[in-house]
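Architecture at a glance
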Amino acid sequence: MSLTTYVGYVIKFIYFFLSNLYSLPCYLVWMVLLTPLRFIAPNLYWKIESFMFRMLQCMVVTWFEINNFKVQECGDDIGVLHNKEAILLCNHQSTGDTPVIMVSTYNKKMASGTMLWIIYVIFKYTHFGVVSCLRGDFFIDQGKDVRQLQLDRLKKHLVEIYLPRNKKWLLVFPEGGFMYKRLESSQQYARKNGYPVLQHTTLPRIGAVKTILDTVGVPHQASDNVEPNGNYQIKDSSKPLEWVIDMTIAYKDRKALDMLGMVVGLYPQSDVLVHYRVYRAQDIPRDDVGLTSWLYDVYAKKDAMLDYYYKKGHLPDEIINAPSELPRIPLSVLKFDLLDQLLVHTFYLTSCYVHYHYIIKPMFLFVSYCLQLIC
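Remember, it's a predicted structure, so these values are computed and weren't measured experimentally.

Observations concerning a nonpolar patch on the surface
- A contiguous nonpolar patch, built from Val-10, Phe-13, Ile-14, Phe-17, Leu-18, Leu-21 and Leu-260 and spanning about 650 Å² of accessible area, is present on the exposed surface.
- By residue number, the principal contributor to the nonpolar patch is helix 1 (residues 3–33), which donates 6 residues.
- Within the fold, Phe-17 resides in helix 1.
- Exposure remark for Phe-17: the relative accessible area of 47% places this residue in the partly exposed category.

Concerning the packing of helix 6 (residues 147–162) against helix 8 (residues 207–216)
- One can describe the packing of helix 6 onto helix 8 by two numbers: an axis separation of 10 Å at closest approach and a directional angle of 40°. With respect to helix 8, the element helix 6 is oriented oblique. When you trace helix 6 past helix 8, the crossing you get is right-handed. Between helix 6, through Leu-151, Leu-154, Lys-155, Leu-158, Val-159 and Tyr-162, and helix 8, the contact on the second element is made entirely by Gly-207, Ala-208, Thr-211, Ile-212, Thr-215 and Val-216.
- Of the residues that constitute the contact of helix 6 with helix 8, the class distribution is 8 nonpolar, 3 polar and 1 charged.

A short note on empty space enclosed by the protein
- Per the counting criterion, the structure on display carries 2 cavities of 30 Å³ or more.
- Taken together, Thr-248, Ala-250, Leu-273, His-275, Met-305, Leu-306, Tyr-309 and Leu-315 make up the full set of residues lining the largest cavity.
- Elements represented by at least two residues in the lining of the largest cavity include exactly strand 6 (243–251), strand 7 (272–280) and helix 10 (288–312).
- In terms of residues, the lining of the largest cavity owes the most to one element, helix 10, which gives 3 residues.
- What the second largest cavity holds in volume is close to 30 Å³.
- Lining the second largest cavity are Lys-12, Tyr-15, Phe-16, Trp-63, Ile-66, Asn-67 and Val-263.
- Only helix 1 and helix 3 (42–66) provide two or more residues apiece to the lining of the second largest cavity.
- Tallying contributions element by element places helix 1 first for the lining of the second largest cavity, with 3 residues.
- Of the residues contributing to the lining of the second largest cavity, the split by class is 5 nonpolar, 1 polar and 1 charged.

With respect to the layout of surface pockets
- When its volume is computed, the second largest pocket comes out at roughly 240 Å³.
- Taken together, Asn-43, Trp-46, Lys-47, Ser-50, Phe-51, His-82, Asn-83, Met-110, Thr-114, Arg-165, Asn-166 and Lys-168 form the lining of the second largest pocket.
- Per-class residue counts for the lining of the second largest pocket are 3 nonpolar, 6 polar and 3 charged.

Structural notes on the packing of aromatic side chains
- With the rule as written, the count across this model stands at 14 aromatic pairs.
- Aromatic pair Phe-347 and Tyr-348: ring centres 5.3 Å apart, planes at 70°, arrangement edge-to-face.
- Looking at Phe-347, the relative accessible area reads 30%, which means it is partly exposed.
- An aromatic cluster of three or more residues is present, and its members are Phe-13, Phe-16 and Trp-63.
- Positioned above the aromatic ring of Phe-53, the side-chain terminus of Arg-135 is 3.7 Å from the ring centre.
- One residue, Lys-302, lies across the ring of Tyr-299, its end atom 4.9 Å from the ring centre.

Focus on the environment of Phe-123
- As for its placement among the helices and strands, Phe-123 is situated in the loop between strand 3 (116–120) and helix 5 (129–135).
- Sequence separation between Phe-123 and Ser-112 is 11 residues; the distance between their C-alpha atoms is 18 Å.
- If sequence neighbours within four positions are ignored, Phe-123 has contacts with Gly-129 and Phe-139.

Some remarks on the sheet that holds strand 5 (residues 169–172)
- The strand order across the open sheet built from 8 strands is 4-3-5-2-6-7-1-8, with neighbouring strands paired in mixed fashion. Edge positions in the sheet fall to strand 4 (138–140) and strand 8 (328–333), since each of these pairs with one other strand and no more. Recorded for the sheet is a direction-independent mean angle of 20° between the axes of neighbouring strands.
- Of the strands in this sheet, strand 2 (86–90), strand 3, strand 4 and strand 5 are in contact with helix 6, which crosses strand 4 at around 180°.

Points about the pattern of salt bridges
- The final tally for this structure, using the stated rule, is 12 salt bridges.
- Across the pair Glu-49 and Arg-135 runs a salt bridge, and its minimum N-O distance is 3.1 Å. Highlighted residues: Glu-49 in helix 3 and Arg-135 in helix 5, separated in sequence by 86 residues. Across this residue pair, the class does not change: Glu-49 and Arg-135 are buried.
- Between Asp-307 and Lys-311 there is a salt bridge, with the nearest N and O atoms lying 3.1 Å from each other. A residue pair is termed a helical-turn pair when its members lie 3 or 4 positions apart in one helix, as Asp-307 and Lys-311 do in helix 10 at 4 residues.
- Taking the relative accessible area as the measure of exposure, Lys-311 reaches 64% and is therefore exposed.

Focus on the pairing of strand 5
- Every second residue of strand 5 is oriented toward a common face, with Trp-169 and Leu-171 on one face and Leu-170 and Val-172 on the other, all of them buried.
- Of the strand pairs in this sheet, strand 2 and strand 5 are connected by 4 bridges, and their pairing is parallel. Its bridge partner lying in strand 5, Leu-89 is registered against Val-172.

Things to note about the UniProt feature "domain: Phospholipid/glycerol acyltransferase" (unreviewed entry) in the protein
- Mapped onto this structure's residue numbering, the UniProt feature "domain: Phospholipid/glycerol acyltransferase" (unreviewed entry) falls at residues 86–210.
- Helix and strand shares over residues 86–210 are 42% and 14% respectively, and the end C-alpha atoms of the span are 13 Å apart.

Cut-offs applied
Residues numbered from 1 in each chain as written. Predicted model: local features only at pLDDT ≥ 70, side-chain atom pairs only at ≥ 80, totals over all residues. Heavy atoms only, no water. Patch = residues over 30% accessible without salt bridge, like charges linked within 9 Å, V, L, I, M, F, W, Y side chains within 5 Å. Areas by Shrake-Rupley, 256 points an atom, 1.4 Å probe, with all protein chains shown as cover. Salt bridge = Lys/Arg side-chain N within 4 Å of Asp/Glu carboxyl O. Helix = DSSP H or I, 4+ residues; strand = E, 2+ residues; numbered from the N terminus. Buried < 20%, exposed > 50% of the residue type's maximum accessible area, 1.4 Å probe, protein only. Axes fitted to C-alpha atoms, helices over the stretch in contact; angles between N-to-C directions. Parallel < 35°, antiparallel > 145°, perpendicular 65-115°, else oblique. Left-handed = near helix turned anticlockwise from the far one by under 90°. Contact = heavy atoms within 4.5 Å. Nonpolar A, V, L, I, M, F, W, Y, C, P; charged D, E, K, R; others polar. 1 Å grid on protein atoms, 1.4 Å probe; cavity = no way out; pocket = protein on both sides within 12 Å on 5 of 7 lines; lining within 4 Å. Points joined across faces, edges and corners; volume = space filled by probe spheres on them. Phe/Tyr/Trp six-rings, centres within 6.5 Å; stacked < 30°, edge-to-face > 60°. Lys NZ or Arg CZ within 6 Å of the ring centre and 35° of its normal. Pairing = 2+ DSSP bridges. UniProt positions renumbered as here; feature names shortened; annotations may be inferred.

Rendered as structure tokens:
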């Protein structure tokens, strides 16, 4: 590689660092300044927070645009569900999945801003963890000894955070970790118990999905809330979740990319494919055996689709043209408004100036004055 290439990497990393530096603290300062609204008008406060969080994701969009990474999408048009409660199930391969999800959902109106992330507890201690804590994302730990405790915490979180803060989509990685770390043990478990042996995904865990469906999902059509005339009606407003979105991320040549490498531009520019398939929550079984069978079947289909894509370089026609009750998205590259990105960056840079001159600088002067009095 030439010196110019290395200089380009350094410049992009500096931009990546600076954009984090001026956007994340500004988000936090604004949300702290608006704290009175959290008690006086909580709905307004969390609506503002959703807009602010969506603007943070615009930073990720700009990182992709600078490095010429393209995200292709196809399948069901999940954009029409932007204001509906839904579970977003996504296969998990690397740290690159997170920015891909942010970019993919950014143009789905406010879906990205109102989405609650269910993520591994280690992310709580990253630079983004403070933002996640403030907005109410759920940090889940792993291990058999804490599994039930985590599910009980999740149930409480859904009732006390997800519903009151008017969140819409819940992001879940059912595999429980990166695919490459769990693939071998998943295949051994599948062979031992007669389950599908997957090659590009791992058998999903049902715990979080079942907890979500049982706690906030509309009742299962086959058993609950069926009127004498046979019409299905939703009566319980505390269980608004109607949809389950199966999101599949496919990297070219089966090479999952990491987040830092993507935003700095370490990889050759190549498209990332995202496919969506939507199901009604009321049609999904709620018992352990039925839900396990349904979720395993979803991931077996996902695995077969990935296998075809990795071998052929495109999706099969039956996937592209699959019938659906939702509008369909033809295979297309996501496009983003440059003016929108410029306005978001301008907002955060201006906020930095305002916060420094009217909050941080006066605070330092006040502290300095107090220290002089003491000394």
